[in-house]
Amino acid sequence: PDVHSSLLLAAIVATNLLSMFNSTLFHGLQRFFWVGFMPVANVLLRMVCCGLLAGSLGWGLHGGLIGFAAGGAICVAIGGAVLASGKRDVPHHAAKLPRFPFKLVPPVIAATFGLASMTQIDLVLVNRFFEPAVASQYALAAVLGKAVLYLPMGLVTAILPAVAASHARHIDGRRQARQAMLATLGLAGSAAVACAVLGPWFVNLLYGEKYGNAGRLLGFYGFAMVPMGVALVSQAYVVAKGRPAFSWIISVFAIAELAMLSVWHPSLEAVIGTIAAFHTGLAVAGATLVMITASVPDTRDHCDEN
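Residues numbered from 1 in each chain as written. Predicted model: local features only at pLDDT ≥ 70, side-chain atom pairs only at ≥ 80, totals over all residues. Heavy atoms only, no water.

**Q** Before we move on, can you summarise the overall build of the chain with the specific residues and values?
**A** Scanning the chain for helices and strands turns up ten helices and zero strands. For the chain, the N- to C-terminal ordering of α and β elements is α-α-α-α-α-α-α-α-α-α. Taking all 306 residues of the chain together, 40% fall into the buried category. A sequence separation of at least 24 residues applies to 81% of the contacts in the chain between residues at least 6 apart. (Helix = DSSP H or I, 4+ residues; strand = E, 2+ residues; numbered from the N terminus. Buried < 20%, exposed > 50% of the residue type's maximum accessible area, 1.4 Å probe, protein only. Contact = heavy atoms within 4.5 Å.)

**Q** Talk me through the pattern of salt bridges; I want residue IDs and the actual numbers.
**A** All chains considered together, the criterion is met by two salt bridges. Among the ionic pairs, Asp122 bridges to Lys146, the shortest N-O distance being 3.8 Å. Here the residue Asp122 occupies a position in helix 4 (residues 105-129), and Lys146 occupies one in the loop between helix 5 (132-145) and helix 6 (150-168), the gap between them amounting to 24 residues. By relative accessible area, which is 1% here, Asp122 ends up buried. Owing to a relative accessible area of 9%, Lys146 belongs among the buried residues under this scheme. Among the salt bridges present, the one from Glu269 reaches Arg216, with a minimum N-O distance of 2.5 Å. Within this pair, whereas Glu269 is found in helix 10 (residues 268-295), its partner Arg216 is found in helix 8 (residues 212-240), the two being separated by 53 residues in sequence. (Salt bridge = Lys/Arg side-chain N within 4 Å of Asp/Glu carboxyl O.)

**Q** Which residues make up the environment of Leu123, and what values do they have?
**A** Note that Leu123 resides in helix 4. Along the backbone, Leu123 and Ala142 are 19 residues apart, and their C-alpha atoms lie at a distance of 7.6 Å. Here Leu123 is in contact with Tyr138, Ala139, Ala142 and Lys146, once residues within four sequence places are set aside.

**Q** Lay out a nonpolar patch on the surface with the relevant residues and their values.
**A** On the surface, a nonpolar cluster with roughly 910 Å² of combined accessible area is contributed by Val193, Val197, Leu198, Trp201, Phe202, Leu205, Leu206, Tyr207 and Phe223. Looking at which element gives the most residues to the nonpolar patch, the answer is helix 7 (residues 174-207), with eight residues. Tracing the backbone through its elements, the reader meets Phe223 in helix 8. What makes Phe223 partly exposed here is its relative accessible area of 42%. (Patch = residues over 30% accessible without salt bridge, like charges linked within 9 Å, V, L, I, M, F, W, Y side chains within 5 Å. Areas by Shrake-Rupley, 256 points an atom, 1.4 Å probe, with all protein chains shown as cover.)

**Q** Lay out the state of the cysteines in plain terms, naming residues and giving numbers.
**A** Under the counting rule described, the total for this entry stands at zero disulfides. Cysteine Cys49 remains unbridged, with the sulfur of Cys50 as its closest cysteine sulfur at 7.0 Å. (Disulfide = S-S within 2.5 Å.)

Shown next, in the form of structure tokens:
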């Protein structure tokens, strides 16, 4: 790309980072309307700007890049204005903020890679160990089945700031933990049932009889994702409470699952069964740690205020 294109790409990256910053602040303030609204506004603004500059005005590639950056910048400005206009109830003698918990960074990074591996590596391994025609059936089922995880991710967005705020106030978190677990099972379980009941019909409608086996696998795959939803919510909860143990457990499970799938994969059903077993074990470990963590009074903060 030329110099102008490189500068425009850098501007796009900058606006994306600022958008993430705004979203983080909205999460912390528990302003979930704006958490959901801003990504939609971002997409719409970029479509309008790109269509105007690249399509109507005929500016070509540069017009598209300018429109993409401009749409993101407008969205960032809107988010900044909303944040700046928010009501601030700051006490006259504000308490000293705790230091950032740097000790949580390594386990959170490890858990992030572990969760990414446990939810994505199966596609790579199946593509490696099975014939392309067979692997394509699995890939379609896996892509559609992962939709079960989208609902728990919405809960993660809400749980992090709420639990962190309760933790800072030394409030008993057992009720929050119980509600989060039940909501996760209800939402993810309902999505899995929908995959099992409607999956074959949906796959046949979109892709035809050629991918009939994918529709059958989709039902199994959806249920295999339900315990991973519990694990995701558990990870958000214990991290918000400042406890790193579950992050390391996730890493161990990810390595063990990768090893197991690498050495034992007689069929696609066996692959899904292995995934379900490891996800279930991780969910049980996470839910147990959540309940233990929630029942322990927050007499000491993980952030040293001194």
